[in-house]
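Below are the chains, spelled out letter by letter.
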Amino acid sequence: MPELFQGVLFAVLHNDFSHLLTYIAVAFVLAFIYVETKRILVPILAHMAMNTFAVIGQLSLDPEEMEQMLEQVQFILVGGAFKNMRFSPLGSAIIYFILGSLFIYIGIKSADDTVFNFITLALAFFATIDFVVAIRLVSLHFKIKKAKKK
């Protein structure tokens, strides 16, 4: 059962076994979506939608709370292997900007005769979210820089 392996692998790579059942469930749901639609883009969009809801929830946070969450996320991403390595909000903003640009590029390439198809609009929506997060992270970067000067 590859879905079970995917969920466990995700938990191992993120060093987070407390949500193992959730990760396995998501892997099964995304696999089911792929099997039913026979298109890889549909589970990718579903995954992007789940991550977007998480990002929207984070948009309501104060910059200080966002910085704490970024530290937690970078710990999860590197699994504690590089504890002294820090990703700055500016570096994260660049990553979000690149992802947003990638979604726009894919959206343009997926537009057939008109831009008013689901995939193109969904990719534009996700790109917009990425650009908003990038702008907030750049703002956080300058707030932190200003606070350090004081």
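Residues numbered from 1 in each chain as written. Predicted model: local features only at pLDDT ≥ 70, side-chain atom pairs only at ≥ 80, totals over all residues. Heavy atoms only, no water.

*Asks:* Please clarify how the overall build of the protein chain should be interpreted in this entry.
*Replies:* Across its full length, the protein chain carries six helices and zero strands. Secondary structure elements in the protein chain, listed N-terminal to C-terminal, are α-α-α-α-α-α. The 150 residues of the protein chain split such that 27% are buried. By sequence separation, contacts in the protein chain at least 24 residues apart represent 58% of the contacts at least 6 residues apart. (Helix = DSSP H or I, 4+ residues; strand = E, 2+ residues; numbered from the N terminus. Buried < 20%, exposed > 50% of the residue type's maximum accessible area, 1.4 Å probe, protein only. Contact = heavy atoms within 4.5 Å.)

*Asks:* Honestly, helix α2 (residues 20-37) in this entry has me stumped. Any pointers?
*Replies:* Turn by turn, an α-helix covers 3.6 residues, leaving residues three or four places apart pointing in a common direction. Here α2 spans 26 Å end to end across 18 residues, near enough to the 26 Å set by a 1.5 Å rise per residue. Turning to α2, its buried residues number three or more, namely Y23, I24, A27, L30 and A31. The buried residues of α2 all sit within an arc of 130° when viewed along its axis, so they share a single face. Away from its buried face, by an angle of more than 90 degrees, α2 presents the exposed residues L21, F32 and E36. Positive phi shows up at K38, right after α2, with a value of about 60°. (Expected span 1.5 Å × (residues − 1). Arc of directions from axis to C-beta.)

*Asks:* Explain unusual backbone geometry to me, please; I cannot follow it from the model alone.
*Replies:* Glycine aside, the phi torsion of most residues is negative, and most peptide linkages are trans. Positive phi values are uncommon outside glycine, yet K38 reaches one of about 60°. Checked against the element boundaries, K38 lands in the loop between α2 and α3 (41-59). In this structure K38 comes out as exposed when scored by relative accessible area, which is 66%.

*Asks:* Is there a simple way to explain the environment of F53 in this structure?
*Replies:* Tracing the sequence through the fold places F53 in helix α3. A residue is classified by how much of its surface remains accessible, and F53, at 62% relative accessible area, is exposed. Sequence spacing of F53 and I129 is 76 residues, and the spatial spacing of their C-alpha atoms is 9.7 Å.

*Asks:* Sorry if this is basic, but what is going on with the packing of helix α1 (residues 2-14) against α2 here?
*Replies:* A packed helix pair is summarised by two numbers, namely the angle formed by the two axes and the spacing between the axes. Contact geometry for α1 and α2: axes closest at 8 Å, N-to-C directions at 135°. With respect to α2, the axis of α1 lies oblique. The two elements α1 and α2 cross, and the hand of that crossing is right-handed. Taken together, the residues of α2 that come into contact with α1 (itself represented by E3, L4, Q6, G7, V8, F10 and A11) are L20, Y23, I24, A27, F28 and A31. When the residues that make up the contact of α1 with α2 are grouped by side-chain class, the tally is 10 nonpolar, two polar and one charged. (Axes fitted to C-alpha atoms, helices over the stretch in contact; angles between N-to-C directions. Parallel < 35°, antiparallel > 145°, perpendicular 65-115°, else oblique. Left-handed = near helix turned anticlockwise from the far one by under 90°. Nonpolar A, V, L, I, M, F, W, Y, C, P; charged D, E, K, R; others polar.)

*Asks:* How should I be thinking about the side chain of D130 in this particular structure?
*Replies:* Here D130 lies in helix α6 (residues 118-149). Buried within the structure, D130 lacks any salt-bridge partner; R136 is the closest side chain of opposite charge, at an N-O distance of 12 Å. Apart from the residues within four sequence positions on either side, D130 is in contact with Y96, L99, G100 and F103. (Lys, Arg positive; Asp, Glu negative; His and termini not counted. Salt bridge = Lys/Arg side-chain N within 4 Å of Asp/Glu carboxyl O.)

*Asks:* Looking at this structure, I do not really get the confidence of the model for the protein chain. What am I missing?
*Replies:* Low-confidence regions, as indicated by low pLDDT, have predicted coordinates that should not be scrutinised in detail. Overall, the predicted model of the protein chain reaches an average pLDDT of 75, with 77% of residues at or above 70. For the stretch residues 81-85, pLDDT sits under 50, and the model shows two contacts to residues farther than four places along the chain or on other chains. (pLDDT = per-residue confidence, 0-100.)

*Asks:* Explanation requested: the side chain of E3 in the structure shown.
*Replies:* Along the chain, E3 falls in helix α1. Comment: no salt bridge for buried E3; closest opposite-charge side chain is K38, at 13 Å. For E3, the residues in contact, after removing those within four places along its chain, are A27, F28 and A31.

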